[in-house]
Amino acid sequence: NAGVTQTPKFQVLKTGQSMTLQCAQDMNHNSMYWYRQDPGMGLRLIYYSASEGTTDKGEVPNGYNVSRLNKREFSLRLESAAPSQTSVYFCASSEGEGGHEQYFGPGTRLTVT
Amino acid sequence: AQSVSQHNHHVILSEAASLELGCNYSYGGTVNLFWYVQYPGQHLQLLLKYFSGDPLVKGIKGFEAEFIKSKFSFNLRKPSVQWSDTAEYFCAVTRSGSSYKLIFGSGTRLLVRP
């Protein structure tokens, strides 16, 4: 059981470049999430997917898009990267609604120059 | 808007000292409460959670937290810390019945000196 996996682990982009962060979970969870972690600000929700086929905006969605490819996979896309998107990105999953625990991936450290 | 406050941003303790990390939230309804820990270089892991019932919750590695509804608080405690407890600790809150909008505090960095 790998839990939640993310690729890549590290990435450096130039301003304006695009990239997709991949996330997969093998726990048969219904819900998946993308967060960004910035120093002194905790984790902030970017987008979430309550179930396969649905996605919704979180607290800081601007500049990002997501795709829930299937029940296992949830990707995050930066269409035109900006220095303000330099952060550590975490994917998480949970069984679904009801206050279930969220399980986190190892994170992707992204630097935009 | 719902928010979570962690008042101590950095805490330095010696081994065997007692620990208490504060967490207050602003939402007035029924909530679910969590403490997550992030060890250096690792991803977030759940320490403990409160959904209902006994307000004193015990978690892994000797940690516990007490939910005080009247104070909107969910403080984390450990009677005797170890060097291996060095990590960043995050309090998080969500409304009962919905796990989607998990709101995190800004985190507390704990350094335990051997």
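Figured I'd write up the structure that's included with this text. Here the residue index of a chain counts from 1 through its sequence in written order. Chain A is the first chain written and ligand 1 is the first ligand written, with later ones labelled in order. This being a predicted model, a pLDDT of at least 70 is required before a residue's local features are given, and a value of 80 or more before pairs of side-chain atoms are given or counted; all residues contribute to the totals for chains, interfaces and linings. Hydrogen atoms and water are omitted, and side-chain values are computed over all heavy atoms in the structure.

## Remarks on the nonpolar core
By size, the foremost hydrophobic cluster in this structure holds 28 residues, and its most contacted members are B:L33, B:W35, B:L47, B:L48, B:F74, B:L76 and B:Y89. Nonpolar cores were defined as sets of buried Ala, Val, Leu, Ile, Met, Phe, Trp, Tyr and Cys residues, with membership established by side-chain atoms within 4.5 Å. Working definition: with a 1.4 Å probe on protein chains only, accessible area under 20% of the residue-type maximum means buried, over 50% means exposed, and in between means partly exposed. One finds A:L21, A:C23, A:M32 and A:I46 within the second-largest nonpolar core, a separate group that totals 20 residues.

## Focus on the interface of chain B and chain A
Contacts are residue-level and defined by heavy atoms, with any inter-residue pair within 4.5 Å sufficient. Across the contact, 21 residues belong to chain B and 24 residues belong to chain A. In short, buried area is how much 1.4 Å probe accessible area vanishes from two parts on joining, totalled over both. Of the roughly 1800 Å² buried between chain B and chain A on both sides combined, carbon and sulfur atoms contribute 57%. Polar contact is defined as a pair of N or O atoms within 3.5 Å, subject to the rule that within protein one atom must be able to donate a hydrogen and the other to accept it, and that residues adjacent in sequence are counted only when both atoms are side-chain atoms. Put simply, chain B and chain A have 3 residue pairs in polar contact (both at pLDDT 80 or more) between them. Here a helix means four or more residues in a row that DSSP labels H or I, a strand means two or more in a row labelled E, and each is numbered from the N terminus. Breaking the side of chain B that touches chain A down by element, the ones donating at least two residues are β5 (31-38), β6 (45-50) and β10 (87-95) of chain B. In this classification, Asp, Glu, Lys and Arg are treated as charged, Ala, Val, Leu, Ile, Met, Phe, Trp, Tyr, Cys and Pro as nonpolar, and every other residue, Gly included, as polar. Along the lines of polarity and charge, the residues of the side of chain B that touches chain A split into 9 nonpolar, 9 polar and 3 charged.

## Considering the sheet that holds strand β3 (residues 19-25) of chain A
Residues and elements named next belong to chain A. Strands were regarded as paired on the criterion that DSSP finds at least two bridges between them. Pairing within the open sheet is antiparallel, and its 4 strands lie in the order β1-β3-β8-β7. Whereas interior strands pair on both sides, the edge strands pair on one side only; in this sheet they are β1 (4-7) and β7 (64-68). Adjacent strand axes in the sheet meet at a mean angle of 20°, parallel and antiparallel pairs treated alike. As judged from the 4 bridges shared by β1 and β3, these two strands associate in the antiparallel manner. Comment: axis = line fitted to C-alpha atoms, over the contacting stretch for helices; angle = value between 0 and 180 degrees taken between N-to-C directions.

## Some details on the side chain of B:K78
Residue and element names in this part refer to chain B. Locating K78 in the fold gives a position in strand β9 (residues 73-78). At 2.9 Å, the side chain of K78 forms a polar contact with the backbone oxygen of K61. Other than its neighbours up to four places away in sequence, K78 contacts A17, S18, L19, K61, G62, F63 and D85.

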